[in-house]
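Fold and contact review
Single-letter residue listing:
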Amino acid sequence: MEDVERLEAFQAKIDREEKIEPKDWMPAEYRKHLIRQISQHAHSEVIGMQPEGNWITRAPSLRAKVVLLAKIQDEAGHGLYLYCAAETLGISREELLEQLHSGKAKYSSIFNYPTLNWADMGAVGWLVDGAAIVNQVSLQRTSFGPYSRGMVRICKEESFHQRQGYEIMATMAKGTPEQKRMAQEALDRIWWPALGMFGPHDKDSPNTGNAMKWKIKRETNDELRQKFIDKTVQQAEVIGLTVPDPDMKWNEDKGQYDHGEIDWEEFMNVVRGKGPCNAQRLEHHKKAHDEGRWVRDAATAYAKKQQSKKQVA
Amino acid sequence: MSVDNQWPLWEVFIQSKTGLPYKHSGSVHAPDGEMALQNARDTYTRRMEGTSIWVVPTDAIVASSPDDSGSFFDPSDDKAYRHPTFYVMPEGAKHI
Ligand SMILES: [Fe+2]
Ligand SMILES: [Fe+2]
């Protein structure tokens, strides 16, 4: 088949809302876009374990500790689902990790901010997982089968993540004045970076291009960001906290909130690696990977030995 | 042992309840079957999603090609008589 014909058949399939599977023909650009997006998503899940891992040993109760552990373990799982989805496109796990370590592949900038105290565990679960959910619910309808199936599985697991964070915030917000202040400051710190998670405005978004036409993305950055804002402002009000945006107000005509502008210069700085924790996050990942090497080697050696025993017998 | 590889790939099939068919859930990397099972358990059944797991080396799976799916499946295209609705039942007959 000619490429033009193939491209038409491919687009027709997408327009019929049929999923593209790994062995189907696909344009090279589609494959490339997916590898970039899925690997960035996978790396975010994995690097995202660090800011929360920071608080496991200092969780204020046993309940809080087991919850945080379970949440972080889920994120490791999410990373694995997504790496496997990326691998179906013909890239190996080694290459994916190599691209993370070399800086060629990105992960969500939100994880380059530090988590300063326990209230940040609340704000991260509530806002960061909350923003991730809005994005991932939308991606359940992405056109690539393995990515879509991964998103369905992840969405089932995410809702506890957001609820446990919101519960922490609610508890602190009705605690001592000092605790309430900590909760408000955590919201102040994490609100804007959380809005940044949806990426640049649609008009400045370099990667949108064919992503909408090919239904890799189903909603634009600005649409998703608006959805998140509209859900979250009310949740803040319920627990007596205030979103740190003086321009935030309900727009009756549009049926949604108007909001202030994100500081895009800071956003781009963090994307470019100048955030407070960029270097630390990558260093830690490399170190953990290197230190785990003997385990991989030992398991490989053991498997080989068992294999040769079997052959002798 | 200088190649730091991530081990072979295994496909994971999970039976959610006894009596139901096994369903593909995803894949894991592991050096051998035993570890593949353990990794599959940790990755895909953290919330009691399964009663039983199969793992199969990915390269042991032989798959039909999506490009040929038209001709591959067409032997069954024109065999409507394999479906119960093909048959005309006499008026008034019950439980059939
Ligand atoms: Fe996640
Ligand atoms: Fe999460």
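Throughout what follows, the structure given in this document is the object of discussion. All figures in this text were calculated on a predicted structure; none of them were measured in a lab. (Residues numbered from 1 in each chain as written. Chains lettered and ligands numbered in written order. Predicted model: local features only at pLDDT ≥ 70, side-chain atom pairs only at ≥ 80, totals over all residues. Heavy atoms only, no water.)

Now for the overall build of chain B. What chain B contains, in helices and strands, is 2 helices and 3 strands. The helix and strand sequence of chain B, counted from the amino end, reads β-β-α-β-α. By the compact-globule yardstick of 12 Å for 96 residues, chain B is too spread out, its C-alpha radius of gyration being 21 Å. Along the first, second and third principal axes, the C-alpha atoms of chain B reach 75 × 35 × 15 Å. Contacts in chain B between residues far apart in sequence, at least 24 positions, make up 42% of those at least 6 positions apart. Carbon together with sulfur atoms contributes 58% to the accessible area of chain B, which is approximately 7,000 Å² in total. Between the averaged position of the 8 positive side-chain charges in chain B and that of its 13 negative side-chain charges there is a distance of 14 Å. (Helix = DSSP H or I, 4+ residues; strand = E, 2+ residues; numbered from the N terminus. Rg over C-alpha atoms; globule rule 2.2 N^0.38 Å. Contact = heavy atoms within 4.5 Å. Areas by Shrake-Rupley, 256 points an atom, 1.4 Å probe, with all protein chains shown as cover. Lys, Arg positive; Asp, Glu negative; His and termini not counted. Charge placed at Lys NZ, Arg CZ, Asp CG, Glu CD.)

All names here are of chain A. Taken together, Glu75 (OE), Asp129 (OD), Glu158 (OE) and His161 (ND1) make up the full set of protein donors to the iron ion (ligand 2), lying 2.0 to 2.3 Å away. Around the iron ion (ligand 2), the 4 donor atoms sit at angles spanning 83 to 170°, and that spread fits a shape best called irregular. Read in sequence order, the donor residues for the iron ion (ligand 2) give the motif E-x53-D-x28-E-x2-H. (Donors = N, O, S within 2.8 Å, 3.2 Å for Na, K, Ca; no water. Tetrahedral: all angles 85-135°; square planar, octahedral: opposite > 155°, others 65-115°.)

Before going further, it helps to examine the environment of Pro177 of chain A. All names here are of chain A. Tracing the sequence through the fold places Pro177 in helix H8 (residues 177-196). Exposure remark for Pro177: the relative accessible area of 72% places this residue in the exposed category. Along the chain, Pro177 and Trp126 lie 51 residues apart, while their C-alpha atoms are 21 Å from each other. (Buried < 20%, exposed > 50% of the residue type's maximum accessible area, 1.4 Å probe, protein only.)

All names here are of chain B. With antiparallel pairing, the 3 strands of this open sheet are ordered in space as S2-S1-S3. At either margin of the open sheet sits one strand with a lone partner, and together these are strand S2 (23-29) and strand S3 (52-57). In this sheet, adjacent strand axes meet at a mean angle of 30° when their direction is disregarded. In this structure, strand S1 (residues 9-15) lies alongside S3, joined through 6 bridges in antiparallel fashion. Bridge pairing in S3 places Ile14 opposite Ile53. (Pairing = 2+ DSSP bridges. Axes fitted to C-alpha atoms, helices over the stretch in contact; angles between N-to-C directions.)

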